[in-house]
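So you can see what is in the structure, the chains are spelled out below.
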Amino acid sequence: MKETKSRKRQREKHGRPQNMASSSSKIKKSSSDFLDKMRARLSGGHFRMINEKLYTCTGDEALNYFKEDPSLFDMYHTGYQEQMSHWPEQPVNIIIQWLKAHSSSLVVADFGCGDARLAKNVKNKVFSFDLVSNDPSVIACDMSNTPLDASSVDVAVFCLSLMGTNFPSYLEEAHRVLKPSGRLLIAEVKSRFDPNTGGADPKMFSKAISDLGFTSILKDFSNKMFVLLYFQKKEKENSTRKGIEWPELKPCLYKRR
Ligand code: SAH
């Protein structure tokens, strides 16, 4: 059969180029770039899905979710570290600095410790809690119910970890395990405390924590990405503890990059 003119033109246009070696390595390179991009996009998608889940369920549900498939935890933390790498400053480092500026004899509870960076960077005794433990030093539990004794720690840390819809129960647990005058250090995503964009009123949040039995000692809104809210546990139990009005904390959903 005779080749039509248009087919001949097509063959000439798309046919094999002269320099086969360099073009096939170019094709290999671009297909591996493509696969890398696909993998990054898929893992980014998985991260965002797990992240949304953690912000929209209770701690109890989150614990069961990770128990069913602990590999989701690594997937979450790979995506989390990727997001954090775009932040000019990491809040966990500010808390590490705070601890280093205070006595290393202070006993610390790190609620929602992630990769336990805090414990690895200070001399203090640190109890690290998270939903999954790949590291023997991390205690796997829902942090609304830790195995710590009442009034047993000097510092309770929540670094970007007030995720569950039942977050007040995490703060109640921190209040239970803290000694009188113990410190509660909270670092949270700034947009969650911006009432102009649907975030909580920081005054209402602080008032709720005060009603739980704390005094505010620091409110720092100077960082672009996160707020720092530090409190001290009151010596005496609060009579206002019942019927505390907690604001809703909206989820922090990361955009596709
Ligand atoms: N504090 C760490 C990790 C922050 S990511 C840091 O600053 O690097 C938030 C962590 O909180 C996640 O690892 C998540 O698994 C944990 N978390 C969320 N809800 C939890 C719960 N109910 N109990 C225990 N850990 C929880």
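Our subject is the structure listed above.
Residues numbered from 1 in each chain as written. Predicted model: local features only at pLDDT ≥ 70, side-chain atom pairs only at ≥ 80, totals over all residues. Heavy atoms only, no water.

A word on the sheet that holds strand E7 (residues 226-233). Read from one edge to the other, the open sheet built from 7 strands follows the order E3-E2-E1-E4-E5-E7-E6, with strand pairing classed as mixed. Looking at the sheet topology across the chains shown, the edges are occupied by strand E3 (138-140) and strand E6 (214-220). Direction aside, neighbouring strands of the sheet carry axes that sit 20° apart on average. Direction of pairing for strand E2 (residues 126-130) relative to E3: parallel, over a ladder of 3 bridges. (Pairing = 2+ DSSP bridges. Helix = DSSP H or I, 4+ residues; strand = E, 2+ residues; numbered from the N terminus. Axes fitted to C-alpha atoms, helices over the stretch in contact; angles between N-to-C directions.)

Residue position: Thr146 is located in the loop between E3 and strand E4 (153-159). The buried category is assigned to Thr146, whose relative accessible area is 5%. If near-sequence neighbours (up to four positions away) are discounted, Thr146 is found in contact with Phe111, Phe129, Cys141, Glu173, Arg176 and Val177. (Buried < 20%, exposed > 50% of the residue type's maximum accessible area, 1.4 Å probe, protein only. Contact = heavy atoms within 4.5 Å.)

With that settled, the discussion passes to the site of the ligand. In the vicinity of the ligand, 18 residues are found, and the nearest of them are His77, Gly112, Asp130, Asp142 and Met143. At a separation of 2.7 Å, an oxygen atom of the ligand approaches a polar side-chain atom of His77. Met143 places a main-chain nitrogen or oxygen 2.9 Å from a nitrogen atom of the ligand. Across the complex, the protein chains shield 98% of the 580 Å² of accessible surface that the ligand would expose by itself. The greatest single-element share of the shell around the ligand, amounting to 3 residues, is contributed by helix H4 (residues 71-84). For the shell around the ligand, the class distribution of residues is 11 nonpolar, 5 polar and 2 charged. Of the residues that make up the shell around the ligand, three or more belong to each of domain 1 (36-85) and domain 2 (89-233). (Near = heavy atom within 4 Å. Polar contact = N/O pair within 3.5 Å; in protein donor to acceptor, adjacent residues only side chain to side chain. Areas by Shrake-Rupley, 256 points an atom, 1.4 Å probe, with all protein chains shown as cover. Nonpolar A, V, L, I, M, F, W, Y, C, P; charged D, E, K, R; others polar. Domains from an automatic or database assignment.)

All we've got here are geometric facts, nothing functional implied.
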